[in-house]
Amino acid sequence: MPALDRKANQIFAGKVVRKDLVRKVKVGANVPIFVLEYLLGKYCATDDPIAIEAGLRLVNNTLADNFVRPDEANKVQSLVREKGKHTLIDKVKVRYLSDEDKYWAELVNFGHRYVHVQERYVRQYDRLLMGGVWAQVEIIHQYDEEIKGRRSPFWIEELKPIQVATFDLKDYQKCRREFTSEEWVDLLMRSMGLDSSHFNRRTKLLLLSRLIPFCENNFNLIELGPRGTGKSFAFQELSPYVILMTGPTTVANLFYNIATGRMGLVGLWDAIAFDEVADLQKMQKEVVTTLKTYCESGTFARGKEPMEGRASIALFGNTNQPVEVMVRSANLFVPLPDVIREDLAFLDRLHFYLPGWEIPKMRMEFFTDHYGFVVDYLAEALRELRRYNYTEMVDRYFSLGSHLNARDVKAVRRSVAGLIKLLYPHGQATKEEMAELLSLALEGRRRVKEQLKKMGSFEYHRTSFSYMDIETREEKFVGVPEEGGRDLISPDPLAPGSVYTASVDHEGKVGLYRLEIGCSAGTGKLRMSGAIDGAMKESVQRAFAYLQGHKVNMGIAQAFDTTDFHVEAIDLLSNRSSCELGTALIVAIQSALKKQPVQPALLILGDLSIQGNIKAVRSLAEPLQIAMDNGARRALIPIENKRHFLEVSADIIERVDPIFYGDPLTASLKSLGMM
């Protein structure tokens, strides 16, 4: 037996099971996975192949003889009557009826709500009163001598829970201390049914991040990625306390039914997952609106009073394009339905964006043959951990950077808390281990903010997420691997005729463009690509008209008259924001005609009036912040904006060198480094 399997069996005796046997039986039996694991732990707890084969036969026979299918309820009731006694595997719920002062058991698949149960079982297994327990039940049929009140011929003679009926968190935490971080991660991976040897450390942590909603209250997770990566598997198989929604729902079902006075799913389950997030498009607008409020505070208004729930929310969806295409052409929320994708406030409530494209499609060799936790034991551990708050643990070693607002801080803290509960439930993590979790949490939240920055206005521009070591005061910045919205401005010189430019439109959205000029022999005509229209087109035409009238003064008359110019503007943020780029066009044409590149990492701001006067930029802070975040190191700025430069943030002043100009010729010469 491998070392980790042996260690798991010694420390968690009776709470681990061989996962390959679970898969083997699960294929042919449509029963809850914890029922299978109970039977396998009972009959197949050995390494002897012959004994395992015999045990598997016993498991299959037990399922065939004792597992009750709902459509066979009357048949099994008749069987109990004829035999007098029969052993069943069923879910048992117990309720107390005060008017009768009596406990009654309900056997769900057996189809009977009034079965006599001994009070000692109720006292011994309190979960019978809290949603019920799957159990092996010996049920007998005999005459009920009760004269007054309700009578029933069925009695529970013996009850053995199959699920974990009691759970000791302190023992779980104590046992965790016996494992290294790497061993524990591998054991959790095996408990999910996966062989950890096929995944690197980062992929393991991403896969385990799917379990954060299981152990953290009111956590909002989104995962978009290719099909076949097992996004919804955990919600289907790893806990009886979570539910996977596979179709549209209503406000009454999800939150609160005013007519019946019953709480909806958010009050009944620990976590709710939407398997195909595209289904939200089919739901009433009220569902999404209420869900948005709930994702922020865990509260919602139905009827006279506000209500609350603790269920976490997970959104799963499929991508139809490679991530590189989505980053370059649009944003990473493209697969979402319009009702969510266009609601930036809803998206801003998401705590963690799990990059599903980094998780490989599931193949047979990825599934483990080793021991992992009995899923019901792990589910009970994660549920118990929901009662505890680990959000302040990050403060032991680190403080969060200045770019994180209050909503960002809450998202990162909850992500870190969930990861700690999964990996370090005993509450002990070194500085290096905490830094690993904090970096992943910052990345998951930054991925959300990067998309909002591309889609929305300036309010989402602060995405340089970082954390600072309290002891050394060293600050570390955390990026996103797909580089969405980062380093779009190259530190190397561009080809002659290419420049970067930006501006803010009337809605406050920042447009960042790379303007490219192509030259061919001609007669001084201008040709624009179809993407240049509206205000951008007018800006280009004004600047080109200025060049036509001042080509002699600028020393480009001969070259200008024998060249046709082809203009293309590449939208680097893909947000379709308009841009005033008059000065950038003049500099780009000068660069193309002189065959000389502009200074590297240079951003050009400013536009021309119809008479050729330099127009001040509407606002400096927004385009400079976006440009700095994307790699700009110097900026060409109209002299009229010089007094505004001191109003921008200190980090921009420190990292972006201003170059002021008062006329188009000066702008060209300074951009080309000739002045």
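In the block above lies the structure referred to throughout.
> Any chance you could explain the overall build of the chain here in plain terms?
Tallying secondary structure elements over the chain gives 27 helices and 28 strands in all. Reported as C-alpha extents along the three principal axes, the dimensions of the chain are approximately 115 × 55 × 45 Å. Counting across all 675 residues of the chain, residues that qualify as buried make up 56%. Excluding contacts between residues fewer than 6 apart, the proportion of contacts in the chain whose partners are at least 24 apart in sequence is 72%.

> It is not clear to me how the side chain of Arg176 should be interpreted in this structure. Could you clarify?
Mapped onto the fold, Arg176 is located in helix α7 (residues 169-176). It turns out Arg176 is buried and unbridged, and the closest side chain with the opposite charge, Glu433, is 5.9 Å from it. With residues near it in sequence (within four places) discarded, Arg176 still touches Phe12, Ser181, Trp184, Leu423, Tyr424, Pro425 and His426.

> I'm lost on the sheet that holds strand β8 (residues 242-245) in this one. Help?
One open sheet holds the five strands; their spatial order is β8-β11-β14-β7-β15, and the pairing between them is parallel. Two strands in the sheet have a free side with no partner beyond their single neighbour: β8 and β15 (352-355). With direction set aside, neighbouring strand axes in the sheet form an average angle of 15°. In this structure, β8 lies alongside strand β11 (residues 271-274), joined through four bridges in parallel fashion. Across the sheet, residue Ile243 finds its bridge partner in β11, namely Ile272. Along the sheet, helix α9 (residues 201-209) makes contact with β7 (220-225) and β15, crossing β15 at roughly 130°.

> Please clarify how helix α18 (residues 375-385) should be interpreted in this entry.
For an α-helix the count is 3.6 residues per turn, leaving residues at separations of three or four pointing the same way. Taken across its eleven residues, α18 has ten buried, putting it largely inside the fold. Regarding α18, the residues found buried are Val375, Asp376, Tyr377, Leu378, Ala379, Glu380, Ala381, Leu382, Glu384 and Leu385.

> Mind showing me how you'd approach the packing of α9 against helix α19 (residues 406-423) here?
What describes two packed helices is the angle between their axes and the distance between those same axes. Contact pair α9 / α19: the axes reach a minimum separation of 10 Å and the direction vectors enclose 105°. Taken together, the axis directions place α9 and α19 in an arrangement best described as roughly perpendicular. Only Leu419, Leu422 and Leu423 of α19 make contact with α9, whose side of the interface consists of Arg201, Leu205, Leu208 and Ser209. Residue composition of the contact of α9 with α19, by class: five nonpolar, one polar and one charged.

> Mind showing me how you'd approach the pairing of strand β14 (residues 312-318) here?
Residues in a regular strand point their side chains to alternate faces of the sheet. Counting buried residues along β14, seven of its seven residues qualify, which places the element largely inside the surrounding structure. Going residue by residue along β14, you find Ser312, Ala314, Phe316 and Asn318 tucked away on one face and Ile313, Leu315 and Gly317 tucked away on the opposite face as well. Pairing between β7 and β14: six bridges, direction parallel. Residue pairing across strands places Ile222 opposite Leu315, the latter belonging to β14.

> What should I look at first to understand the sheet that holds strand β17 (residues 398-400) in this one?
Within a beta sheet, neighbouring strands are joined by backbone hydrogen bonds and run either parallel or antiparallel to one another. The strand order across the open sheet built from three strands is β17-β18-β19, with neighbouring strands paired in antiparallel fashion. The strands lining the two open edges of the sheet, one partner per strand, are β17 and β19 (475-477). Across the sheet, the mean angle from the axis of one strand to that of its neighbour is 25°, orientation sign disregarded. Sitting on the sheet, helix α20 (residues 431-455) is in contact with β17 and β18 (466-469), with an inclination near 160° to β18.

> What is the right way to look at empty space enclosed by the protein in this model?
It is a probe the size of a water molecule, rolled over the atoms, that shows where empty space is left. Counting across every chain of the model gives three cavities of 30 Å³ or more. Roughly 60 Å³ of internal volume is contained in the largest cavity. Along the walls of the largest cavity sit Ala502, Ser503, Glu580, Leu605, Gly606, Asp607, Lys615, Ala616, Val617 and Arg618, which together make up its complete lining. By residue class, the composition of the lining of the largest cavity is four nonpolar, two polar and four charged.

> Could you clarify how one ought to interpret helix α21 (residues 534-550) in this entry?
Between the first and last C-alpha of α21 there are 25 Å, a value that for 17 residues agrees with the 24 Å anticipated at 1.5 Å per step. Listed as buried for α21 are Met536, Ser539, Val540, Ala543, Phe544, Tyr546 and Leu547. Summarising the axial view, the buried residues of α21 lie within an arc of 155°, below the 170-degree limit, and thus occupy one face.

> Please clarify how the packing of aromatic side chains should be interpreted in this entry.
Aromatic ring pairs: the centre-centre distance and the angle between the two ring planes describe each pair. In total, this model carries 31 aromatic pairs according to the counting rule given. Taking 6.0 Å as the distance between ring centres and 10° as the angle between the ring planes, the aromatic pair formed by Phe67 and Trp134 counts as stacked. Linking Phe67 in the loop between α4 (49-66) and α5 (73-83) with Trp134 in strand β5 (residues 133-141), this pair joins segments that are 67 residues apart in sequence. Taken together, the aromatic side chains of Phe12, Phe167, Tyr172, Phe179, Trp184, Phe373 and Tyr377 make up a single cluster linked through ring pairs. A cation over a ring is seen here: Arg95 above Tyr114, with NZ or CZ 4.7 Å from the ring centre. When the ring centre of Tyr241 is taken as reference, the NZ or CZ atom of Arg383 above it lies at 4.0 Å.

> Is there a simple way to explain the layout of surface pockets in this structure?
Quantified by volume, the largest pocket comes out at close to 980 Å³. Lining of the largest pocket is provided by 31 residues; of these, Met130, Gly131, Tyr241, Leu268 and Arg383 occupy positions nearest its centre. Within the residue set of the lining of the largest pocket, elements represented by two or more residues are β2 (85-97), α13 (265-268) and α18. Looking at the lining of the largest pocket residue by residue, the classes come out as 14 nonpolar, six polar and eleven charged.

> Help me understand the packing of helix α1 (residues 3-11) against helix α8 (residues 181-191), please; the structure alone is not making it clear to me.
At their nearest, the axes of α1 and α8 sit 11 Å apart, and the two run at 85° to each other. It follows from the interaxial angle that α1 and α8 lie roughly perpendicular. Only Glu183, Asp186, Leu187 and Arg190 of α8 make contact with α1, whose side of the interface consists of Leu4, Asp5, Lys7 and Ala8. Class assignment of the residues belonging to the contact of α1 with α8 gives a composition of three nonpolar, no polar and five charged.

> Got a minute to help me understand the environment of Thr293 in this structure?
Secondary-structure assignment places Thr293 in helix α14 (residues 285-297). The sequence separation of Thr293 and Arg150 amounts to 143 residues, and the corresponding C-alpha distance is 46 Å. Apart from the residues lying within four places of it in its own chain, the contact partners of Thr293 are Gly298 and Thr299.

> Teacher, can you tell me more about the nonpolar core here?
A general feature of soluble globular proteins is that nonpolar side chains tend to end up buried together. Core analysis: the largest hydrophobic core is formed by 93 residues, its most contacted members being Phe12, Leu40, Leu63, Tyr172, Phe235 and Phe373. When near neighbours in sequence (up to four residues on either side) are disregarded, Phe373 contacts Phe12, Lys15, Val16, Lys19, Glu37, Tyr172, Trp184, Leu187, Leu188, Ser191 and Leu378.

> Hey, could you run me through the pairing of strand β27 (residues 634-638) in this one?
Most of β27 sits inside the fold, with four of its five residues counted as buried. Pairing geometry for strand β24 (residues 602-604) and β27, over three bridges, is parallel. Bridge assignment links Leu602 to a residue of β27, and that residue is Arg634. Alignment of β27 against strand β28 (residues 657-661), held across five bridges, turns out to be parallel. Residue pairing for β28: Arg634 is matched across the bridge by Asp657.

> Any chance you could explain the environment of Lys102 here in plain terms?
Take Lys102: it is sitting in strand β3 (residues 102-107). Placed 15 residues apart in sequence, Lys102 and Val117 show a C-alpha to C-alpha distance of 9.3 Å. Other than its neighbours up to four places away in sequence, Lys102 contacts Arg95, Tyr96, Leu97 and His116.

What counts as what
- Residues numbered from 1 in each chain as written.
- Predicted model: local features only at pLDDT ≥ 70, side-chain atom pairs only at ≥ 80, totals over all residues.
- Heavy atoms only, no water.
- Helix = DSSP H or I, 4+ residues; strand = E, 2+ residues; numbered from the N terminus.
- Buried < 20%, exposed > 50% of the residue type's maximum accessible area, 1.4 Å probe, protein only.
- Contact = heavy atoms within 4.5 Å.
- Lys, Arg positive; Asp, Glu negative; His and termini not counted.
- Salt bridge = Lys/Arg side-chain N within 4 Å of Asp/Glu carboxyl O.
- Pairing = 2+ DSSP bridges.
- Axes fitted to C-alpha atoms, helices over the stretch in contact; angles between N-to-C directions.
- Parallel < 35°, antiparallel > 145°, perpendicular 65-115°, else oblique.
- Nonpolar A, V, L, I, M, F, W, Y, C, P; charged D, E, K, R; others polar.
- 1 Å grid on protein atoms, 1.4 Å probe; cavity = no way out; pocket = protein on both sides within 12 Å on 5 of 7 lines; lining within 4 Å.
- Points joined across faces, edges and corners; volume = space filled by probe spheres on them.
- Expected span 1.5 Å × (residues − 1).
- Arc of directions from axis to C-beta.
- Phe/Tyr/Trp six-rings, centres within 6.5 Å; stacked < 30°, edge-to-face > 60°.
- Lys NZ or Arg CZ within 6 Å of the ring centre and 35° of its normal.
- Core = buried A, V, L, I, M, F, W, Y, C linked by side-chain atoms within 4.5 Å.

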